[in-house]
Amino acid sequence: MAFAAFTTNAAPVEPTQRRKSPIALFLLLPGMLYLVLFFLTPLVSLLLTSFQTPLVNGDVGQFSYAFQWENYVQVVTDYWPHILRSFGYALVATVLALAFSYPLAYFIGVKARKWPLMQSLMLVLVIAPFFISFLLRTLAWKQLLSDESFVITSLKALSLMAPDAHFTGTPAAVIFGLTYNFIPFMTLPLYSTLERLDVRYLEAGNDLYASPFQVFRKVTIPLSMPGIVAGTLLTFIPAAGDYINASRDFLGGPDTQMVGNVIEANFLVLLNYPAAAALSIILMSVILVIVTIYVKRAGTEELL
Amino acid sequence: MKISLGKWLLPVYSALALIFLMVPIVYTFIFSFNDSLKSNVAWRGFTLDKWLNVCTVQNGAVCQAFGNSLVIGAVATVFATVLGTMIAIAIVRYRFRFRTQTNLLLFLPMATPEVVLGAGLAAQFLALGVPKSMTTIILAHTMFCISFVVVTVKARVSSLDPALEEAGRDLYGSPTQVFLRVTFPLLLPGILAAALLSFALSFDDFIITNFNSGSVTTFPKYIYISAARGIPAEANVIASAVFIFALVIVVTAQVSKAAREKRLARQN
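Residues numbered from 1 in each chain as written. Chains lettered and ligands numbered in written order. Predicted model: local features only at pLDDT ≥ 70, side-chain atom pairs only at ≥ 80, totals over all residues.

**Topic: the overall build of chain A**
No. 1: Helix and strand content of chain A: 12 helices and three strands.
No. 2: Viewed in the frame of its principal axes, chain A has a C-alpha envelope of about 80 × 70 × 35 Å.
No. 3: For chain A, the residues scored as buried account for 43% of the 304 residues in total. (Helix = DSSP H or I, 4+ residues; strand = E, 2+ residues; numbered from the N terminus. Buried ≥ 20, exposed ≤ 12 C-beta atoms within 10 Å, placed from the backbone.)

This is the structure we're talking about:
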């Protein structure tokens, strides 16, 4: 059910059958107008807010419209470690999620084709984490990996971890949480391309004396590229903006705060709206640049 | 030996990977039976109390939050499903100007981090002086669900055979009759999938909600607020119940789909 978006095989549409009709406008207008009002204008609002200046003799949280571009210099000076950390953590988590998900998606999509019921039940297990609260899942890991937990005490007993070391509150814990939480977003698009993979191409590779590794590198990977692109984007974008995993009450600590944490703190706690807005604009711009370059280089522009 | 190892490596890995994905779910479920006090961290013994008296803790704060989440999810799902389905039909079936721009405007909300969506809407509500309430949360959720509805329903519209609608017209069905008796029933599975997806996205959303909720508490927000001082086991009860409910729906759908396909295969 959920994420049918990534798992449905749509037949290609004949563009010649599309008609021109006033009905199209009637169908499109309400929804597109909604997106203009509640997606596009908020972005403009965010841009305007990011240049605001504190009101003279005003209270905390009172600002007036201006062109205070120094806000950007200020937030980059104050928060560049958070910005770098966000993209660094998101990148590592995306690579880990890809490494974790590819073999799993390959098994479900290619090897399990003979047993359709088992295939769909395995898919259900992949999306099962979505049915339980994101926050509770993350808190469960916090308890399972706390200093007193079975996993950590065992690691310490086996001298695989220093006796005074912690796991929760470290960058490794935050990256672990991000990886875990976004694995389904990686596995589903991978599955949906691998499921359509024609195994005869792999057999052809074998017949032409390619080693299994060569077949994988030269045939399987290129054919599953759309899934890899979609999966990495669906993991990287939300991971870069996430602030739950890095939050102190969850898997993070004082030294793991990401850009999402400082946006939240500036907007909701410090009431420094221009700083939060400037950070949001920076986050969004960097992501759009990365996505555009990545999609162009990977050569699949048909994401929607 | 080498061959059998290679043969078993992938299935064993996949089984372990799926077990790994289940670990926090099982943990949450087990701790819904914990005879805990204020915070639900150490295991203190088995009890059914939390399941039987979910709504009594903190004067029903958990249930209140859960109820808010259900209402918000239901209303946002209806809005997003109607608006998104209309867009999906238009995109597949009709020619219109600004096609590229329309696709871009539908893709961008999915490529924008939630924290930016949340802060943007909050900045707009602030600038317009709109107080935060259930309504602002519903407006926000509808916005981010629309694109996902379009993608889901679009796939279904694309796979629809236009010959079926032509047959309806040939049999003197009016455009309304053709839509209601032919097109809509055929699209229904896609629309239902989109609605379930919307509800799931809305129900579990925290980041956008946090920016636009003011004093209204949803279920995820309740957990976030309580995280510092300890989450009562009742939250685990609600999360586990929702999980089981969703799992039953999905598994039933999958099993009946598999059974139907098997039956069709036998007939051919």
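Next, the rest of the story.
**Here we look at the overall build of chain B**
No. 1: Across its full length, chain B carries 11 helices and one strand.
No. 2: Helices (α) and strands (β) of chain B occur, in sequence order from the N terminus, as α-α-α-β-α-α-α-α-α-α-α-α.
No. 3: What you see for chain B is a C-alpha radius of gyration of 23 Å, clearly larger than the 18 Å of a compact globule of 268 residues, by over 25%.
No. 4: Across its three principal axes, chain B shows a C-alpha extent of roughly 70 × 70 × 40 Å.
No. 5: Across the 268 residues in chain B, those meeting the buried criterion constitute 44%.
No. 6: Taking contacts inside chain B between residues at least 6 apart in sequence as the whole, the part at least 24 apart equals 78%. (Rg over C-alpha atoms; globule rule 2.2 N^0.38 Å. Contact = placed C-beta atoms within 7 Å.)

**Some points on the confidence of the model for chain B**
Residues and elements named next belong to chain B.
No. 1: Per-residue confidence for chain B averages 89 on the pLDDT scale, and 97% of its residues sit at or above 70.
No. 2: The least confident element of chain B is helix α2 (residues 49-52), whose mean pLDDT is 84; the most confident is helix α9 (residues 207-212), at 95.
No. 3: Here the complex is predicted with pTM 0.89, and the ipTM for its interfaces comes to 0.89. (pLDDT = per-residue confidence, 0-100.)

**Considering the interface of chain B and chain A**
No. 1: With 81 residues of chain B in contact, the opposing surface of chain A contributes 81 residues.
No. 2: Ranked by residues supplied to the side of chain B that touches chain A, first place goes to helix α1 (residues 2-30) of chain B with 13 residues.
No. 3: Tallied by class, residues from the side of chain B that touches chain A come to 64 nonpolar, 13 polar and four charged. (Nonpolar A, V, L, I, M, F, W, Y, C, P; charged D, E, K, R; others polar.)

**Describing the packing of helix α11 (residues 259-269) of chain A against helix α12 (residues 273-298) of chain A**
Residue and element names in this part refer to chain A.
No. 1: For the pair α11 and α12, interaxial distance at closest approach is 7 Å and the crossing angle is 155 degrees. When the axis of α11 is compared with that of α12, the two are roughly antiparallel. The hand of the α11/α12 crossing is left-handed. Where α11 approaches α12, its residues V259, V262, I263, N266 and F267 are matched on the opposing element by Y273, A275, A276, L279, S280 and L283.
No. 2: Grouping the constituent residues of the contact of α11 with α12 by class yields nine nonpolar, two polar and no charged. (Axes fitted to C-alpha atoms, helices over the stretch in contact; angles between N-to-C directions. Parallel < 35°, antiparallel > 145°, perpendicular 65-115°, else oblique. Left-handed = near helix turned anticlockwise from the far one by under 90°.)

**Brief notes about unusual backbone geometry**
All names here are of chain B.
No. 1: If you check the backbone angles, F98 has positive phi at about 60 degrees while not being a glycine.
No. 2: With respect to the secondary-structure elements, F98 resides in the loop between β1 (94-95) and α4 (99-111).
No. 3: Among the residues examined, F98 registers 11 C-beta atoms within 10 Å and is labelled exposed.

**Considerations on the nonpolar core**
No. 1: Within the largest apolar cluster, 148 residues are counted, with the highest numbers of intra-cluster contacts made by L279 of chain A together with I87, A119 and I238 of chain B.
No. 2: Once residues within four sequence positions are removed from consideration, I238 of chain B is found in contact with V54, V62, F66 and F219 of chain B. (Core = buried A, V, L, I, M, F, W, Y, C linked by C-beta atoms within 7 Å.)

**Digging into the environment of V44 of chain A**
Residue and element names in this part refer to chain A.
No. 1: On the secondary structure map, V44 appears in helix α2 (residues 22-50).
No. 2: The class of V44 is exposed, set by 12 C-beta atoms lying within 10 Å.
No. 3: Spatially, the C-alpha atom of V44 lies 34 Å from that of R19, the residues being 25 residues apart in sequence.

**Points about the confidence of the model for chain A**
All names here are of chain A.
No. 1: Chain-level statistics for chain A give a pLDDT mean of 88 and a share of 92% at 70 or above.
No. 2: Within chain A, the lowest mean pLDDT, 40, falls on helix α1 (residues 4-7), and the highest, 95, falls on helix α3 (residues 70-109).
No. 3: Contacts from residues 1-13, a stretch scored under 50 in pLDDT, to residues over four places away or in other chains number 34 contacts.

**Details of the environment of L135 of chain A**
No. 1: With respect to the helices and strands, L135 of chain A occurs in helix α5 (residues 134-144).
No. 2: Accessibility expressed as a C-beta count within 10 Å gives 25 for L135 of chain A, which makes it buried.
No. 3: Taking the C-alpha atoms as reference, L135 of chain A lies 32 Å from S224 of chain A; in sequence the two are 89 residues apart.
No. 4: Residues within four places of L135 of chain A in sequence aside, it is in contact with I244 of chain A together with F206, P220, I223 and Y224 of chain B.

**Quick look at the environment of A200 of chain B**
No. 1: Looking at the secondary structure, you find A200 of chain B in helix α8 (residues 175-204).
No. 2: Placed 46 residues apart in sequence, A200 of chain B and A246 of chain B show a C-alpha to C-alpha distance of 9.4 Å.

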